[in-house]
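Fold and contact review
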There are 2 protein chains.
Amino acid sequence: MAVTIKDIAKIVGVSPTAVSRALNDHRDIGEETRAKIKRVAQELGYRRNAIARGLVTRKTDTIGLFVLGRGATGFGDPFAYEVILGVMDTVSAAGYDLVLYGVGGPSNSGRCDGASYVGKCKERQVDGVIMMGLRTDDPQYGSLGDLDVPCVLIDVAPPQDGIGFVASDNVLGAKNATEHLLSLGHRRIAMLNGHAHATVSAERLEGYKIALMNAGIAYDPALTFEGDFSSDSGARAAEYFMALPRDMRPTGVVAASDVMAIGLMQMLKAMGMRVPQDVSVVGFDDIPSAAHVDPPLTTVRQARYDLGATAARMVLQRLEEGRSGMAFPPPGFRLATNLIVRSSTAPPPCRGA
Amino acid sequence: MAVTIKDIAKIVGVSPTAVSRALNDHRDIGEETRAKIKRVAQELGYRRNAIARGLVTRKTDTIGLFVLGRGATGFGDPFAYEVILGVMDTVSAAGYDLVLYGVGGPSNSGRCDGASYVGKCKERQVDGVIMMGLRTDDPQYGSLGDLDVPCVLIDVAPPQDGIGFVASDNVLGAKNATEHLLSLGHRRIAMLNGHAHATVSAERLEGYKIALMNAGIAYDPALTFEGDFSSDSGARAAEYFMALPRDMRPTGVVAASDVMAIGLMQMLKAMGMRVPQDVSVVGFDDIPSAAHVDPPLTTVRQARYDLGATAARMVLQRLEEGRSGMAFPPPGFRLATNLIVRSSTAPPPCRGA
DNA sequence: ATGAAAGCGCTAACAT
DNA sequence: ATGTTAGCGCTTTCAT
C-alpha cells in the first residue's frame with residue numbers, strides 16, 4: 001500500500017486535515033507543524049494521489065490531445081511530432097499532464113463504440129482539450145460543443161463559438177509560394193491541394209487564387225488537382241499534369257504539403273522531367289526531408305512546435321479565465337509562415353516565360 | 001453538473017449499486033432492469049467518471065510513456081513519433097489511455113523538483129510505465145525499482161530484474177552494416193558512435209567489433225569517434241576522420257544513427273570528398289530522410305513502430321499476469337533489423353582495396 | 001492553528 | 001435479483 005495522508009497524520013500526531021493543509025501550503029497551519037509534516041512526508045516517500053484529489057477538486061490537471069486521421073489529413077509522421085512536443089512542453093511547464101488520444105490508427109479506425117471524442121474527455125475528466133487532424137466532415141465535428149471544458153482546434157475552423165483555433169496563416173503562405181513562382185516568370189501555375197475536408201486545403205487554395213488574381217491570371221480549375229496529402233497522390237498529380245495538352249501544362253506547381261511535393265517530384269523525374277528546369281515545385285510544411293531531397297525543396301515553413309505550444313497556451317488561458325472570470329480570450333491565432341527558397345524553383349523554360 | 005449513477009438510479013427507481021452493476025455488465029442484475037438502466041443512461045448522456053472509478057478499483061487504465069532526452073539520445077524527431085504511435089495504438093486497443101511525459105524539453109530540462117519519474121507515476125497512479133530515451137547515467141536510472149507497477153524500457157538495459165526491455169538487435173544490426181562494407185572490400189572501417197551512456201552505443205560498437213574480428217581485422221580505437229547522435233557530431237567526425245594520416249583514413253564508416261550519418265556526409269561533401277566513391281557510409285535507423293538524401297543512404301532499418309507496440313504489449317501482459325498469477329514473462333525482446341542497401345556504399349577507391 | 005464531519009462518484013462486500 | 005453499508009484518499013466546510 002502506498003502511504004497516505006492518514007499514515008502521516010498518525011505518525012505526526014495530527015489530523016489528516018492538518019496534513020493536507022501543510023502539504024498544500026495553506027497558511028492556516030503552524031509553521032512548526034508544517035515543517036514536521038513535510039519532513040515526515042518526505043521520509044515516507046509520500047506522493048499525493050492525484051486521482052483522489054481530482055475527485056474532490058473536480059480538476060485532474062490533465063489536458064487531452066487528440067491526434068486524428070494520421071497520414072490522411074496532412075498530419076503525417078514528420079509533422080505531428082513537433083506539434084505534440086509543443087503541446088507537451090507547454091502544458092507540463094504549467095503543471096499539467098498530457099493524455100494522448102490517437103484515433104484513426106490501425107487498431108481503432110473502425111470501431112467507435114460510444115467512445116466518442118467528447119465521451120473520452122468526459123470519462124477521463126480532462127480539464128481541457130486540443131485536437132489536431134480533425135476533418136470538417138468528421139461525424140463528430142459538430143458535437144464538440146458538448147464539451148464542457150476549454151477546447152482548441154489546430155488547423156481546423158471551429159464548428160461554433162467558444163471553441164478556439166490555431167493555424168498557420170495558410171492563405172498568406174500559399175499566396176507567397178505562388179507569388180514566388182510568379183516572380184520567377186511562371187504563368188501557368190498548378191495547385192496540388194489536399195483533400196477538400198481539411199480547412200487548410202480551402203485556405204491554401206484561396207491564397208493561390210489571390211496571387212493569381214493579383215497577377216491578372218485567370219484561375220483555371222483544370223490546373224488544380226485534389227490530392228490527399230499523401231506521397232502517392234503527389235505522384236498521381238504529376239501524371240495528371242503531364243497528361244495535359246502541351247500548352248496547358250503547368251511550368252510550376254504549388255503543393256499543399258511537402259510529402260505531396262516530394263511524391264510529385266519523384267514521379268516527374270521518373271517521367272523524364274527535370275526539376276526545376278522543366279517544372280518548378282514548391283512545397284508546404286518544411287519537413288526535414290525537404291532539405292534533403294534532390295533538388296532541395298523550396299517550401300513554406302510552418303512553425304509546427306509553436307502551433308502546439310500556442311494551442312496549449314490557449315486552453316491554459318481559458319482555464320485560468322474560467323476561474324478568474326476575465327474577459328473571453330481571442331478565439332483564434334494565425335501563425336506566420338516562412339518561404340524557404342531552395343533549389344526546386346527556377347524560371348520556367350523559355351517558351352513558358 | 002455531469003450526470004452520475006445516482007441520477008440514473010433515481011430516475012429508474014433502483015439503487016446506485018444496481019446501476020453500477022448494469023452498466024458494468026455484471027450478471028447479477030435482471031435483464032429487464034439492465035436494459036432500462038442502460039437506456040436511461042444513454043438518454044441522459046451518462047459517462048462514467050473514470051477518476052471516481054479509479055479511486056475505488058485502484059486501477060486507472062492508463063499507461064505512462066516517458067519520452068526522455070529528446071534529440072540527445074538517439075530519439076530525435078524522426079524516430080520517437082513512430083514509437084509513440086506503436087505504444088498508443090496498442091494500449092488504446094486494450095482500452096487504456098496514454099499519458100505522455102516529456103522530460104528534457106526546453107521547459108523542464110533544468111528543474112526536477114521532486115517530480116521524479118517514479119513520483120509522477122505514483123501521483124497519477126498509472127497502471128504501467130514505458131520509458132524511451134533513458135540514459136544509463138540518469139540519476140534516476142537506479143530508482144526505477146521503486147515503481148510498483150510494470151515497467152518496460154525501450155533501448156535501454158534495465159537496472160534490475162523485474163523491469164522489462166525492448167530494443168532492436170543492435171549488435172547484429174551493426175555487425176551486418178559492417179559486414180556489408182567488408183564485403184564491398186573495405187578494410188579500414190570507422191565507427192561513428194553515439195554517446196557512451198546509451199545502451200545502444202555499446203551494442204552497436206560490439207557488433208562492429210565482432211564483424212571486424214571475424215574478418216581478421218584488428219580493432220583500432222582511433223577509428224571510433226564518439227558522437228552524440230546529433231548531425232553536428234557527425235560533421236565533427238568527418239573532420240576528425242579526414243584529419244587522420246592518409247593511410248589510416250577510413251574508406252567506410254558505420255554510423256550509429258542516420259542523423260549522424262547525414263551530418264557526416266554533408267561535411268564530407270563540403271570537404272570535397274565524394275560519397276560513395278571516396279568514402280562509403282552506412283547509417284542506422286532508416287529515418288524518412290535517409291531515402292531522400294543525396295546519395296540515398298544505405299542504412300540499418302529499425303522497426304520503430306514495433307518497438308513501441310512491443311513495449312506496450314509487454315506492460316499489458318504483465319498487467320494481466322499480475323491479476324492471474326501466471327508465470328513471469330520474458331524480461332526482454334530483441335527486434336530484428338534490416339539492412340537497406342542504397343547508394344551511399346560502394347567498393348573503396350582502388351588503393352584501399 | 002487545528003480537528004471533526006461530510007462527501008466527491010463509484011464499486012464491493014455483505015446482506016436479503 | 002436487488003438494496004444497504006462502507007470506503008477508496010483527499011479536500012473542504014464548519015466548528016473550536
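Data block above holds the structure.
These numbers were taken from a predicted model, which means no experiment stands behind them. (Residues numbered from 1 in each chain as written. Chains lettered and ligands numbered in written order. Predicted model: local features only at pLDDT ≥ 70, side-chain atom pairs only at ≥ 80, totals over all residues. Heavy atoms only, no water.)

**So, the relation of the copies chain B and chain A**
Both copies of the chain are placed relative to one another by a rotation about an axis and a shift along it. As a reminder, the rule being used: When the copies are superposed, the least-squares fit draws on C-alpha atoms of residues that have pLDDT of at least 70 in both. Note on definitions: a residue-residue contact is assigned when non-hydrogen atoms from the two residues lie within 4.5 Å.
The operation relating chain B to chain A is a screw motion whose rotation component is 180 degrees, with 0.0 Å of axial translation and a residual RMSD of 0.1 Å. Classification of the inter-copy transformation places it as that of a two-fold axis. In this assembly, 100% of the residues forming the interface of chain B have copies in chain A that are likewise at the interface, indicating an isologous arrangement.

**Topic: the interface of chain B and chain A**
Let me state the cut-off plainly: In short, buried area is how much 1.4 Å probe accessible area vanishes from two parts on joining, totalled over both. Note on definitions: salt bridges are taken to be side-chain nitrogens of Lys or Arg within 4 Å of carboxyl oxygens of Asp or Glu. Polar contacts here mean pairs of N or O atoms no more than 3.5 Å apart (in protein, one a potential hydrogen donor and the other a potential acceptor; neighbouring residues in sequence count only if both atoms are side-chain atoms). Helix and strand assignments come from DSSP, with helices taken as H or I runs of at least 4 residues and strands as E runs of at least 2, each series counted from the N terminus. Lys, Arg, Asp and Glu make up the charged group, whereas Ala, Val, Leu, Ile, Met, Phe, Trp, Tyr, Cys and Pro make up the nonpolar group; the residues left over, Gly among them, are polar. Whether two strands pair depends on DSSP finding at least two bridges between them.
Counting residues at the interface gives 52 residues for chain B, matched by 52 residues for chain A. When the two sides are added together, the surface that chain B and chain A hide from each other amounts to roughly 4600 Å², 54% of it contributed by carbon and sulfur. Across the pair R47 of chain B and E123 of chain A runs a salt bridge, and its minimum N-O distance is 3.5 Å. Connecting chain B to chain A are 17 residue pairs in polar contact (both at pLDDT 80 or more). Looking at the side of chain B that touches chain A, the elements with two or more residues in it are α4 (50-57), β1 (62-67), α5 (77-93), β2 (97-102), α6 (117-124), α10 (258-270) and α11 (288-292) of chain B. When residues in the side of chain B that touches chain A are grouped by element, the largest group, 10 residues, is from α5 of chain B. Residue classes in the side of chain B that touches chain A are distributed as 22 nonpolar, 16 polar and 14 charged. Here strand β2 (residues 97-103) of chain A runs beside β2 of chain B; their pairing, made up of three bridges, is antiparallel. Note on β2 of chain B: the bridge partner recorded for L100 of chain A is L98 of chain B.

**Examining the protein's contact with DNA strand C**
Quick reminder of the rule: We call a residue near a molecule or strand whenever a single non-hydrogen atom of that residue lies within 4 Å of it.
Taken together, 28 residues lie around DNA strand C, and D28, G30 and R58 of chain A together with I5 and Y46 of chain B are the ones closest in. Put simply, 63% of the atoms of DNA strand C that lie within 4 Å of the protein are in sugar or phosphate. With respect to DNA strand C, the backbone of N49 of chain B contributes an N or O atom lying 3.3 Å from a phosphate oxygen. Those elements giving two or more residues to the surface near DNA strand C turn out to be α2 (16-23) and α4 (50-57) of chain A together with α1 (5-12), α2 (16-23) and α4 of chain B. Grouping the amino acids of the surface near DNA strand C by side-chain chemistry returns 10 nonpolar, 11 polar and seven charged.

**Side note on the pattern of salt bridges**
Residue and element names in this part refer to chain A. Condition: Under the scheme applied here, a residue whose accessible area is under 20% of the maximum for its type counts as buried, over 50% as exposed, and between as partly exposed, the area being computed with a 1.4 Å probe on protein chains only.
Considering all chains together, one arrives at 31 salt bridges over all chains under this definition. Two residues, R135 and D137, come together in a salt bridge whose shortest N-O distance is 2.9 Å. The class of D137 is partly exposed, set by a relative accessible area of 35%.

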